[in-house]
Amino acid sequence: MDDVEAVVLVGGKGTRLRPLTLSAPKPMLPTAGVPFLAHLLSRIRAAGVRRVVLGTSYLAETFSEYFGDGKPLDLELEYVVEDEPLGTGGGIRNVYKYLSARDILVFNGDVLCGTDLTAVVDTHRRTEADVTLHLVRVQDPRAFGCVPTDEDGRVTAFLEKTEDPPTDQINAGCYVFRREVIEQIPEGRPVSVERETFPGLLESGARVSGHVDSAYWRDLGTPLDLVKGSADLVRGVAPSAALPGPTGEQLLLEGAEVDSTARVFGGTVVGRGVKIGKGARVDGSMLFDGAVVADNARVVNSVVGNGARIEESAAVYDAVIGDRAVVGAHCELRHGMRIWPDVVLPPHGLRFSPDV
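The rules behind each value
Residues numbered from 1 in each chain as written. Predicted model: local features only at pLDDT ≥ 70, side-chain atom pairs only at ≥ 80, totals over all residues. Heavy atoms only, no water. Helix = DSSP H or I, 4+ residues; strand = E, 2+ residues; numbered from the N terminus. Contact = heavy atoms within 4.5 Å. Lys, Arg positive; Asp, Glu negative; His and termini not counted. Charge placed at Lys NZ, Arg CZ, Asp CG, Glu CD. Salt bridge = Lys/Arg side-chain N within 4 Å of Asp/Glu carboxyl O. Buried < 20%, exposed > 50% of the residue type's maximum accessible area, 1.4 Å probe, protein only. Arc of directions from axis to C-beta. Polar contact = N/O pair within 3.5 Å; in protein donor to acceptor, adjacent residues only side chain to side chain. Pairing = 2+ DSSP bridges. Axes fitted to C-alpha atoms, helices over the stretch in contact; angles between N-to-C directions. Phe/Tyr/Trp six-rings, centres within 6.5 Å; stacked < 30°, edge-to-face > 60°. Lys NZ or Arg CZ within 6 Å of the ring centre and 35° of its normal. Patch = residues over 30% accessible without salt bridge, like charges linked within 9 Å, V, L, I, M, F, W, Y side chains within 5 Å. Areas by Shrake-Rupley, 256 points an atom, 1.4 Å probe, with all protein chains shown as cover.

Draft legend 1. Up close: the overall build of the protein chain. The number of helices and strands found in the protein chain is 7 helices and 28 strands. Taken along its principal axes, the extent of the C-alpha atoms in the protein chain is 65 × 45 × 35 Å. The long-range share in the protein chain, meaning contacts at least 24 apart out of those at least 6 apart in sequence, stands at 51%. When the 37 basic and 50 acidic side-chain charges of the protein chain are each reduced to a single mean position, those positions are 2 Å apart.

Here is the structure:
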């Protein structure tokens, strides 16, 4: 795989994850103790790829500030900035002149996946494909675009979301391109690989192969998926060589303080300097650096931002709490509620149930 290069598309604004992405791009959000992108880069490196080009746009400087030239990861990193959003296809075409290998692995920068990358490249080369897509089987494909293949593994169509999908195979956001195919993508304008590039290749008679498996896969586009993905990394369900500690029910980072009577489990990440008080319960959640969960508070399947506070006996379920926000004592947040940075909810100020 040292003759393969990788492209990671990390230019999106991550609007579905606001307010978390107001201060950081989605791939840089702390996920199981490190930026999510670190997990993807570790998998790329473990597969034997040495050179990675990052297609950036939104808050582009944060990537180079954190990862630098890639040497600590034993990678060579190149950063290419989009002046305006170009979509998936346009983003790939935008980095073309920085590529030299014949085969190029391309990744969406917000997908957590456990597939064998060398096997995807092997399928690409064995079938002499122009492009190969990693396709993953899911239980309910109705929410995704379906990609059927024939008995030879050749992609036959790209279908939009439908109530009666003909296959359980979906586009998993990982591709192998022959470099000359990338050159054929129109330059300087937005292009979607799903809606324009791939259908156009099929129409032209190009060989588009599918590598199908049932590996771990999750799109981290929503807060619930981000929380679940992080928990799966902490518990070892999703593979990563970048986890900054052993797998288990919790991941405690430097300076975290957890009272002996508190319960922290479900793959929870407890960030640097976090304090969890007496009788508190934190289940399957992400507590960013400096957060506080006070005595007898409950945090379940939620994200608590940097320096945010969940005060005494407050309950936070399936919610996102922005940086430095305060959820007052006895407040109760549920059902995907989002609190923006620096907002302060007074004690008893917001509840879903009548209990006081």
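Draft legend 2. View of the pattern of salt bridges. A complete count under the given rule lists 21 salt bridges for this structure. Residue Asp140 pairs with Arg142 through a salt bridge whose shortest N-O separation is 2.9 Å. Judged by relative accessible area, Arg142 falls into the partly exposed class, the value being 38%. Taking the shortest distance from any N to any O, the salt bridge between Glu196 and Arg189 comes out at 2.6 Å. Given a relative accessible area of 33%, Glu196 falls into the partly exposed group.

Draft legend 3. Highlighting helix H4 (residues 117-126). Listing the buried residues of H4 in full gives Leu117, Val120, Val121, Thr123 and His124. Mapping the buried residues of H4 onto a view down its axis gives an arc of 155°, with all of them on the same face. At the exit of H4 stands Glu128, carrying a positive phi of roughly 50°.

Draft legend 4. Spatial organisation of the environment of Thr127. With respect to the element layout, Thr127 can be found in the loop between H4 and strand S8 (131-137). For the pair Thr127 and Glu196, spaced 69 residues apart in the sequence, the C-alpha separation amounts to 23 Å. Of the polar contacts made by the side chain of Thr127, one reaches the backbone oxygen of His124; its length is 3.4 Å.

Draft legend 5. Representation of the sheet that holds strand S4 (residues 51-56) in the model. Judged by pairing direction, the sheet is mixed, and its 7 strands sit side by side in the order S5-S4-S1-S6-S9-S8-S10 without closing on themselves. Only two strands of the sheet have a single partner each, and these edge strands are strand S5 (76-81) and strand S10 (208-213). Across the sheet, the mean angle from the axis of one strand to that of its neighbour is 25°, orientation sign disregarded. By the bridge criterion, 6 bridges tie strand S1 (residues 4-10) to strand S6 (residues 103-108) in an arrangement that is parallel. Paired with Glu5 across the bridge in S6 is Ile104. Docked against the sheet, helix H6 (residues 193-204) engages S8, strand S9 (169-178) and S10, running at close to 65° with respect to S9.

Draft legend 6. Representation of the side chain of Asp130. Within the secondary structure, Asp130 sits in the loop between H4 and S8. With a relative accessible area of 14%, Asp130 lands in the buried category. A distance of 2.8 Å separates the side chain of Asp130 from the backbone nitrogen of Arg207, its partner in a polar contact.

Draft legend 7. Representation of the packing of aromatic side chains within the structure. The final tally for this structure, using the stated rule, is 6 aromatic pairs. Arranged with centres 6.3 Å apart and planes meeting at 90°, the rings of Tyr175 and Phe177 form a pair that is edge-to-face. On the numbers, 5.1 Å between centres and 70° between planes, the contact of Tyr175 with Phe198 is edge-to-face. Linking Tyr175 in strand S9 with Phe198 in helix H6, this pair joins segments that are 23 residues apart in sequence. The same class applies to Tyr175 and to Phe198, which are both buried. Among the aromatic residues, those joined into a cluster by ring pairs are Phe158, Tyr175, Phe177 and Phe198. One residue, Arg334, lies across the ring of Tyr317, its end atom 4.2 Å from the ring centre.

Draft legend 8. Highlighting a nonpolar patch on the surface. Together, Leu22, Trp340 and Val343 make up an exposed nonpolar region whose accessible area comes to about 250 Å². You can see Trp340 is positioned in the loop between strand S27 (338-339) and strand S28 (344-345).

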